[in-house]
Amino acid sequence: MAIWQYECYIVPIRKNLLDLKHEQIISWKGRECLQQKVDFLDLKESWSKDIVQYGDLERTCIEFIYEGNELAEIECRLDLRNFSWEIFKEILNYVRVINAVFLCDNRVVLPVEKEVINQIKISEAYKFCSKPIEFLMDRSGKEKYSDNLID
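In this text, all values refer to a predicted model and were calculated from it rather than measured experimentally. (Residues numbered from 1 in each chain as written. Predicted model: local features only at pLDDT ≥ 70, side-chain atom pairs only at ≥ 80, totals over all residues. Heavy atoms only, no water.)

1. Points about the sheet that holds strand β2 (residues 43-44)
Pairing between the strands of a sheet is mediated by backbone hydrogen bonds and can be parallel or antiparallel.
Here comes step 1: Reading across from one edge, β2-β3-β4-β5-β1-β6-β7 is the order of the seven strands in this open sheet, with antiparallel pairing throughout. The two strands at the open ends of the sheet, each matched to only one other strand, are β2 and β7 (107-109).
Here comes step 2: Against the sheet, helix α2 (residues 85-97) contacts β1 (5-12), β4 (61-67), β5 (70-79) and β6 (100-104), and its axis sits at roughly 120° relative to β6.
Here comes step 3: Its contacts with the sheet put helix α3 (residues 113-120) on β1, β5, β6 and β7, and the angle it makes with β7 is roughly 145°. (Pairing = 2+ DSSP bridges. Helix = DSSP H or I, 4+ residues; strand = E, 2+ residues; numbered from the N terminus. Contact = heavy atoms within 4.5 Å. Axes fitted to C-alpha atoms, helices over the stretch in contact; angles between N-to-C directions.)

2. Some details on α3
Here comes step 1: Residues of α3 that are buried include every one of Val116, Ile117, Gln119 and Ile120, and no others. One face of α3 carries all of its buried residues, which in axial projection span an arc of 160°. (Buried < 20%, exposed > 50% of the residue type's maximum accessible area, 1.4 Å probe, protein only. Arc of directions from axis to C-beta.)

3. Quick word on the nonpolar core
Here comes step 1: Grouped together as the largest cluster of nonpolar side chains are 32 residues, with contacts concentrated most on Ile10, Ile62, Phe64, Ile74, Ile91, Tyr94 and Phe102.
Here comes step 2: If you tally residues by element for this core, the top one is α2, at six residues.
Here comes step 3: Not counting residues within four places of it along the chain, the set of residues in contact with Ile91 comprises Phe40, Thr60, Ile62, Cys76, Leu78 and Phe102.
Here comes step 4: Grouped together as the second largest cluster of nonpolar side chains are seven residues, Val11, Leu17, Val101 and Leu103 included. (Core = buried A, V, L, I, M, F, W, Y, C linked by side-chain atoms within 4.5 Å.)

4. Some points on the pairing of β1
Consecutive residues of a regular strand have side chains that alternate between opposite faces of the sheet.
Here comes step 1: Counting buried residues in β1 gives seven out of eight residues, a clear majority hidden from the surface.
Here comes step 2: Across five bridges, the pairing between β1 and β5 is antiparallel. Each residue of the ladder has a partner; that of Cys8, found in β5, is Cys76.
Here comes step 3: Relative to β6, β1 runs antiparallel, the two sharing four bridges. Paired with Ile10 across the bridge in β6 is Phe102.

5. So, the packing of aromatic side chains
Aromatic ring pairs: the centre-centre distance and the angle between the two ring planes describe each pair.
Here comes step 1: Evaluation of the coordinates by the stated rule reveals five aromatic pairs.
Here comes step 2: Ring geometry for Phe64 versus Tyr94: centroids 6.3 Å apart, planes at 85°, classification edge-to-face. With a gap of 30 residues between them, Phe64 in strand β4 and Tyr94 in helix α2 connect regions that are remote in the sequence. There is no split in this pair, since Phe64 and Tyr94 are both buried.
Here comes step 3: Each ring, one from Phe83 and one from Phe88, has its centre 5.3 Å from the other, and the planes form 50°; the classification is tilted.
Here comes step 4: In this structure Phe88 comes out as buried when scored by relative accessible area, which is 2%.
Here comes step 5: Aromatic ring contacts, followed pair by pair, group Tyr54, Phe64 and Tyr94 into a single cluster. (Phe/Tyr/Trp six-rings, centres within 6.5 Å; stacked < 30°, edge-to-face > 60°.)

The analysis is restricted to geometry; functional conclusions fall outside its scope.
Structure follows, in structure tokens:
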């Protein structure tokens, strides 16, 4: 995952979701996913035979991860450098169609535009894309950013 990507999982809705361990929450094993392909991102060749990838790994993408012939996980990454509202809304709709929710930074988030955007806005990826120099300076332990890029 790149620093400019917001990563989350698409997880099946189930009772007592918050009582489960992370591995159980993200798992689709034993669950039916009505649609295991998307038509709004191009199918790309994956680095693994166990992953069906839609979209570019360095941009917005959805990965269907299989163990054998069984769907195990669905990962979603949003490119915040070139955020596409059209693709974002398609992803929200897809998640609703398959009766799922997002797991974003260990928070269950409904596929509702405002709720997902609120999570994105507190993410490291958003901070990086909004103010990359300040983001990097904060992480390097340097003093407050100055306007002079070359000392």
